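Chain residues, written in single-letter form:
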Amino acid sequence: MKEIEEMSDHELLMELVAEKRRNDRIRYVKYGVYGIIFLGVAVLCFIYVPKIVAFYNRFNAVMEQLDAATNSVKRVSDSISTETIEAFNSVVEAIRQLLGRFGIS
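The present account deals with the structure reproduced in this document.

Quick look at the overall build of the protein chain now. When helices and strands are counted, the protein chain shows two helices and zero strands. For 105 residues, the compact-globule estimate of 2.2 N^0.38 gives 13 Å, and the C-alpha radius of gyration of the protein chain, at 42 Å, exceeds that figure by more than 25%. Principal axes of the C-alpha set define a box for the protein chain whose edges measure 125 × 25 × 25 Å. For the protein chain, the computed accessible surface area is about 9,800 Å², with 67% contributed by carbon and sulfur atoms. When the 13 positive and 14 negative side-chain charges of the protein chain are each reduced to one mean point, those points stand 9 Å apart.

With respect to the helices, strands and loops of the structure, Asp 24 is situated in helix H1 (residues 9-79). Taking the relative accessible area as the measure of exposure, Asp 24 reaches 16% and is therefore buried. For Asp 24, the side chain forms a polar contact with the side chain of Arg 27, separated by 3.2 Å.

Moving on: the environment of Tyr 34. By secondary structure assignment, the location of Tyr 34 is in helix H1. Spatially, the C-alpha atom of Tyr 34 lies 41 Å from that of Met 63, the residues being 29 residues apart in sequence.

So, about a nonpolar patch on the surface. Together, Tyr 28, Val 29, Tyr 31, Val 33, Tyr 34, Ile 37 and Val 41 line one region of the surface with nonpolar side chains, adding up to about 750 Å² of accessible area. Considering the arrangement of structural elements, one finds Ile 37 in helix H1.

Look at H1: 101 Å from first C-alpha to last across 71 residues, which is about the 105 Å you get at 1.5 Å a residue. At Tyr 48, H1 shows its maximal kink, close to 30 degrees; a proline, Pro 50, follows between one and four residues later.

The next thing to look at is the packing of aromatic side chains. According to the stated counting rule, one finds one aromatic pair in the structure shown. Summarising the aromatic geometry, the rings of Phe 55 and Phe 59 are spaced 6.4 Å apart at their centres and angled 25 degrees between planes, so their arrangement reads as stacked. On the criterion of helical spacing, the pair formed by Phe 55 and Phe 59 is a turn pair, its members being four residues apart in helix H1. Exposure remark for Phe 55: the relative accessible area of 52% places this residue in the exposed category.

Turning our attention to helix H2 (residues 82-101). Under the 1.5 Å per step criterion, the end-to-end length of H2 is 29 Å for 20 residues, consistent within 8% with the ideal 28 Å. Looking at the residues trailing H2, positive phi occurs at Gly 103, about 85 degrees.

Let us now look at the pattern of salt bridges. What the rule picks out here adds up to four salt bridges. For Arg 22, the salt bridge identified is with Glu 19, shortest N-O distance 2.6 Å. Remark: Glu 19 and Arg 22 occur in helix H1; sequence separation between them is three residues, near one turn of the helix. Of the charged contacts in the structure, one is a salt bridge between Lys 20 and Asp 24, with a shortest N-O distance of 2.9 Å. Here Lys 20 and its partner Asp 24 are both found in helix H1, four residues apart, which amounts to about one turn of the helix. For Lys 20, a relative accessible area of 51% gives the class exposed. Linked through salt bridges whose partners overlap, the residues forming this network are Lys 20, Asp 24 and Arg 27.

What counts and what doesn't
Residues numbered from 1 in each chain as written. Predicted model: local features only at pLDDT ≥ 70, side-chain atom pairs only at ≥ 80, totals over all residues. Heavy atoms only, no water. Helix = DSSP H or I, 4+ residues; strand = E, 2+ residues; numbered from the N terminus. Rg over C-alpha atoms; globule rule 2.2 N^0.38 Å. Areas by Shrake-Rupley, 256 points an atom, 1.4 Å probe, with all protein chains shown as cover. Lys, Arg positive; Asp, Glu negative; His and termini not counted. Charge placed at Lys NZ, Arg CZ, Asp CG, Glu CD. Buried < 20%, exposed > 50% of the residue type's maximum accessible area, 1.4 Å probe, protein only. Polar contact = N/O pair within 3.5 Å; in protein donor to acceptor, adjacent residues only side chain to side chain. Patch = residues over 30% accessible without salt bridge, like charges linked within 9 Å, V, L, I, M, F, W, Y side chains within 5 Å. Salt bridge = Lys/Arg side-chain N within 4 Å of Asp/Glu carboxyl O. Expected span 1.5 Å × (residues − 1). Bend = angle between axes of the 7 residues up to and from the residue. Phe/Tyr/Trp six-rings, centres within 6.5 Å; stacked < 30°, edge-to-face > 60°.

Encoded structure:
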């Protein structure tokens, strides 16, 4: 390639046109790569987002069931008073004494 000072007007113009074409090709290749990356990300989103949402919904349903079970156990434990426990213990002691009379310990 000649020095810029030694080139004629036509040669300079041709050099500029070739440079422009080269830059255009590079730009189009970049756009193509960006498009392929975008399509890949879009396809992955279409595949995995519904699966993630379904998992999230199942997880929430399980957590609601667990919460309901916990509340149920809490209500049962709150309803059991100390008097109920003492009455149960007295019944167990009476059964133990009855079984003791028959030689069963």
